[in-house]
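# Residue-level structural notes
Take a look at the letters that make up each chain.
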Amino acid sequence: MDSKDQDKDSLYLKLIPYFEKYGILLLLVIMIVVMHFLQPDVFLSWRNVTNVFKQISWQSMLALGVFMVIVTAGIDLSVGSIMMLSLMILAIVAKAGAPWYIVVITPLIAGFLCGLFNGLGITLLRMPHPFIMTLGTLYIFRGTGNLISGGTPISGFTDEVRYLGHGRIDLTWLGLEKSQYLPVSLVLIAIVYIIFWIFMNKTRTGKWIYAIGGNPNAARASGINVNKILVIVYSLCGFLSGIGALILAGRTDSGYPNAGLQSELDAIAACIIGGASFFGGRGTVLGVFAGVMIMGILRNGLNLMDVSSFWQQVLIGSIIVLAVYVDVLRRDFGTRK
Amino acid sequence: MSSANQLLLEAKNVTKYFGTITALENVNLKIHAGECLGVVGDNGAGKTTLMKVLSGLYKPSAGSLHFEGKEKVLESPRDSQNLGLEMVYQDLALAGNLPIGENIFLGREPTTNLGLLKFLDYKKIKELTEAHLGKLKINVKSADQKVEELSGGQRQAVAIARSTAFNAKVVIMDEPTAALAIKEVGKVLDLINSLKKNWRRRNCDQS
Ligand SMILES: Nc1ncnc2c1ncn2[C@@H]1O[C@H](COP(=O)(O)OP(=O)(O)O)[C@@H](O)[C@H]1O
Ligand SMILES: [Mg+2]
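Quick caveat, the model's predicted, so the values are computed rather than measured.

Predicted coordinates in areas of low pLDDT are best not read in detail. Residue and element names in this part refer to chain B. For chain B, the average pLDDT comes to 87, and 93% of its residues sit at 70 or higher. Per-residue pLDDT, averaged within each element of chain B, yields its smallest value for strand 10 (residues 202-205) (61) and its largest for helix 3 (residues 100-104) (96). Across the whole predicted complex the pTM is 0.92, and at the interface the ipTM reaches 0.90.

All names here are of chain B. Taken in spatial order, the four strands of this open sheet run 2-1-4-5, and their pairing is antiparallel. Each end of this open sheet is capped by a strand with a single partner; those strands are strand 2 (21-32) and strand 5 (70-72). Strand after strand, the sheet turns through a mean of 25° between neighbouring axes, direction not considered. Relative to strand 4 (residues 62-67), strand 1 (residues 7-18) is paired through five bridges, and the arrangement is antiparallel. When the sheet's bridge partners are listed, K12 is paired in strand 4 with S64. Strand contacts of helix 1 (residues 47-55): strand 1, strand 2 and strand 4, with the helix running at about 60° to strand 2, the strand carrying the most contacts.

Residue and element names in this part refer to chain A. Looking at the second largest pocket, its volume works out to about 610 Å³. Lining of the second largest pocket is provided by 24 residues; of these, Q59, D266, M295, R299 and I316 occupy positions nearest its centre. The set of elements that each furnish at least two residues to the lining of the second largest pocket consists of helix 2 (46-71), helix 11 (263-273), helix 12 (285-304) and helix 13 (309-335). Per element, the largest residue contribution to the lining of the second largest pocket is seven residues, and it comes from helix 13.

With that settled, the discussion passes to the interface of chain B and chain A. Across the contact, 25 residues belong to chain B and 22 residues belong to chain A. Across the chain B/chain A interface, buried area totals approximately 1900 Å², and carbon plus sulfur atoms make up 55% of it. The interface formed by chain B and chain A holds two salt bridges in total. Put simply, chain B and chain A have 11 residue pairs in polar contact (both at pLDDT 80 or more) between them. Contributions of two or more residues to the side of chain B that touches chain A are made by helix 2 (77-82) and strand 8 (117-120) of chain B. The element contributing the most residues to the side of chain B that touches chain A is strand 8 of chain B, with four residues. Grouping the amino acids of the side of chain B that touches chain A by side-chain chemistry returns 12 nonpolar, five polar and eight charged.

A separate point is unusual backbone geometry. The backbone of A:D253 sits at a positive phi, close to 55°, despite the residue not being glycine. Considering the arrangement of structural elements, one finds A:D253 in the loop between helix 10 (226-252) and strand 4 (254-255). A positive phi angle is found at B:K137, which is not glycine, with a value near 55°. Take B:K137: it is sitting in the loop between helix 4 (122-135) and helix 5 (152-163). A relative accessible area of 71% places B:K137 in the exposed class.

All names here are of chain B. Around the magnesium ion (ligand 2), the protein contributes the donor atoms T48 (OG1) and Q90 (OE1), at 1.9 to 2.4 Å from the metal centre. Residue T48 is found in helix 1, and its partner Q90 is found in the loop between strand 6 (85-88) and helix 3; the two are separated by 42 residues along the sequence. For T48, a relative accessible area of 21% gives the class partly exposed.

Turning our eyes to something else, we now look at empty space enclosed by the protein. Residue and element names in this part refer to chain B. Under the counting rule described, the total for this entry stands at two cavities of 30 Å³ or more. Going through the elements one at a time, helix 2 and strand 6 are the ones with two or more residues in the lining of the largest cavity. Per-class residue counts for the lining of the largest cavity are seven nonpolar, four polar and three charged. Among the domains, domain 1 (1-83) and domain 2 (88-207) are the pair contributing at least three residues each to the lining of the largest cavity. Its volume calculated, the second largest cavity comes out at about 60 Å³. Around the second largest cavity sit L8, L9, F67, E68, L83, G84, L85, K169 and V170, which together line it.

Moving on to the packing of aromatic side chains. By the definition in use, this model includes six aromatic pairs over all chains. Geometrically, the ring pair formed by A:Y193 and A:F289 is edge-to-face, given 5.5 Å between the ring centres and 70° between the ring planes. Taken together, the residues A:Y193 in helix 7 (residues 184-202) and A:F289 in helix 12 connect sequence positions 96 residues apart. With relative accessibility at 7%, the residue A:Y193 sits in the buried group. Positioned over the ring face of A:Y181 is A:R168, at 4.0 Å from the centre of the ring. The ring of B:F166 has B:R108 lying over it, and the distance from NZ or CZ to the ring centre is 3.6 Å.

Once that is clear, we can look at the site of ligand 1. Residue and element names in this part refer to chain B. Residues in close proximity to ligand 1 include F18, A23, D42, N43, G44, A45, G46, K47, T48, T49 and Y58, which together make up its full environment. Within the contact set of ligand 1, an oxygen atom lies 2.7 Å away from a backbone nitrogen or oxygen of G44. For ligand 1, an oxygen atom lies 2.5 Å from a polar atom in the side chain of T49. Relative to its unbound accessible surface of 560 Å², ligand 1 loses 63% to contact with the protein. Its residues assigned to classes, the shell around ligand 1 comprises four nonpolar, five polar and two charged.

This brings us to the packing of helix 8 (residues 204-214) of chain A against helix 10 of chain A. All names here are of chain A. Between helix 8 and helix 10, the least distance of the axes is 10 Å, while the angle of their chain directions is 105°. Between helix 8 and helix 10, the interaxial angle falls into the category roughly perpendicular. Contact with helix 8, carried on its side by T205, W208, I209 and I212, involves V226, I229, L230 and V233 of helix 10 and no other residues of that element. Of the residues in the contact of helix 8 with helix 10, the class split is seven nonpolar, one polar and no charged.

Attention shifts here to the side chain of B:T15. Residues and elements named next belong to chain B. Along the chain, the position of T15 falls in strand 1. By relative accessible area, which is 4% here, T15 ends up buried. When residues no more than four places from it in sequence are discounted, the contact partners of T15 are L24, E25, N26, P60, S61 and A62.

Reading the values: the criteria
- Residues numbered from 1 in each chain as written.
- Chains lettered and ligands numbered in written order.
- Predicted model: local features only at pLDDT ≥ 70, side-chain atom pairs only at ≥ 80, totals over all residues.
- Heavy atoms only, no water.
- pLDDT = per-residue confidence, 0-100.
- Helix = DSSP H or I, 4+ residues; strand = E, 2+ residues; numbered from the N terminus.
- Pairing = 2+ DSSP bridges.
- Axes fitted to C-alpha atoms, helices over the stretch in contact; angles between N-to-C directions.
- Contact = heavy atoms within 4.5 Å.
- 1 Å grid on protein atoms, 1.4 Å probe; cavity = no way out; pocket = protein on both sides within 12 Å on 5 of 7 lines; lining within 4 Å.
- Points joined across faces, edges and corners; volume = space filled by probe spheres on them.
- Buried area = accessible area lost by both parts, 1.4 Å probe.
- Salt bridge = Lys/Arg side-chain N within 4 Å of Asp/Glu carboxyl O.
- Polar contact = N/O pair within 3.5 Å; in protein donor to acceptor, adjacent residues only side chain to side chain.
- Nonpolar A, V, L, I, M, F, W, Y, C, P; charged D, E, K, R; others polar.
- Buried < 20%, exposed > 50% of the residue type's maximum accessible area, 1.4 Å probe, protein only.
- Donors = N, O, S within 2.8 Å, 3.2 Å for Na, K, Ca; no water.
- Domains from an automatic or database assignment.
- Phe/Tyr/Trp six-rings, centres within 6.5 Å; stacked < 30°, edge-to-face > 60°.
- Lys NZ or Arg CZ within 6 Å of the ring centre and 35° of its normal.
- Near = heavy atom within 4 Å.
- Areas by Shrake-Rupley, 256 points an atom, 1.4 Å probe, with all protein chains shown as cover.
- Parallel < 35°, antiparallel > 145°, perpendicular 65-115°, else oblique.

Shown next as structure tokens:
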């Protein structure tokens, strides 16, 4: 190989990590541009953009939780049910007349405890795979939510309780119109994602989470308490599902039996589209956010164009397969050098 | 500083069962400062098991471990590390998705603490790693390179570098050349020999 070839090659190799990191953002930008050309008047309007963010608000919390679990090479199938149970507990506590600050905290505690239950089950009962424990709790948590609520919706929360999911930040002081407000849930997404980005990238615990996914034996041999870290990860995942419940309570003003049904699959899909590897140790917080956005924009755009929800299913499924195939190709390339 | 022939590590009547398999039976072992000990045996003889017991990864079914004369019960490899024992595992025990430096300091990362939160000191990890790799004359493109991108010999060198980065009194290596291509074996043996001159104690397993 002559030196010119080598230069070209090494530039190519140097670009790979960037593509790995930001390729998914490129896909997101392309989608936004395409949608903009297909729906020039509507898609990038203030109203529609805020709508997309409102629609992805609670899903983005579940996806972030599932992401951390997937980084450890695990899986959490119970996030939708955790959210539903937390929402039902919130609704019951609200109906019982508890003050808003109690109502607001209950789903967070409930979600955290559900996640802790998963984590302790996986580690203490030495389940062969987290799939089994969380498949079990998928049924257990939703069943419990129906038991305590009688399987009927409970509606009507105060404005304080609904603030995070339904609140608006007025921007008229910036000279914008009254309809051009900022949803509180959008600010919440940003804050939560920034916190977890710091957690995963800058803290020691975050590094250990990646290490466990990369090679659990290496983590153990390095003196890391793998079980303790796993319990923390599943608890945080439950906690985030609890935040999802709080947002959903605000959006729908109701606790209802079908809340979050199958949303664990959406959460997993967003992680996979966003580049997280099922084998663990790989994926970024930014990627998950892009994955959530891609799914949200796809649904929103297809709705705007009156495409049936059946086509949405087909398309989202295709994107999952395509995203993973691109990853396979990248890996092939990476090992062939 | 330990005197030349001080007893550093002693295993007394160590026995280890895996279910019905007896992997170790009444093993006695003494390691003194300044000595290089080899453990030889067939495949399945129990060499790896013995070393994992010494490093605290496995708990012995019976028997005891003594570090510098005091009996110690190891709950995890962290305990043996704190007693000055480092291990190079046969399966290397590196996380391929992490860079070289983060593997060397895995579990013992320098941090800046803010209350309960411990933030990684990436700069210090990089500096210490580069200095240490330089001292051992280990050639890699950069300390930020992911371990999965390294050759077998380079990985072994990283594993050995990790075992010598923390002033260990005893270094245990489990078949340090078994998984390597022939041309890489020489390099790793050179590395081990150069360590012998500078370090106090090592215990190699070569079958
Ligand atoms: N984790 C384990 N579970 C069950 N049996 C094991 C385990 N590790 C080792 N053994 C058994 O213990 C014996 C000794 O193995 P090992 O220490 O790996 O031998 P060596 O390193 O000398 O080749 C073998 O019979 C092996 O099958
Ligand atoms: Mg062995």
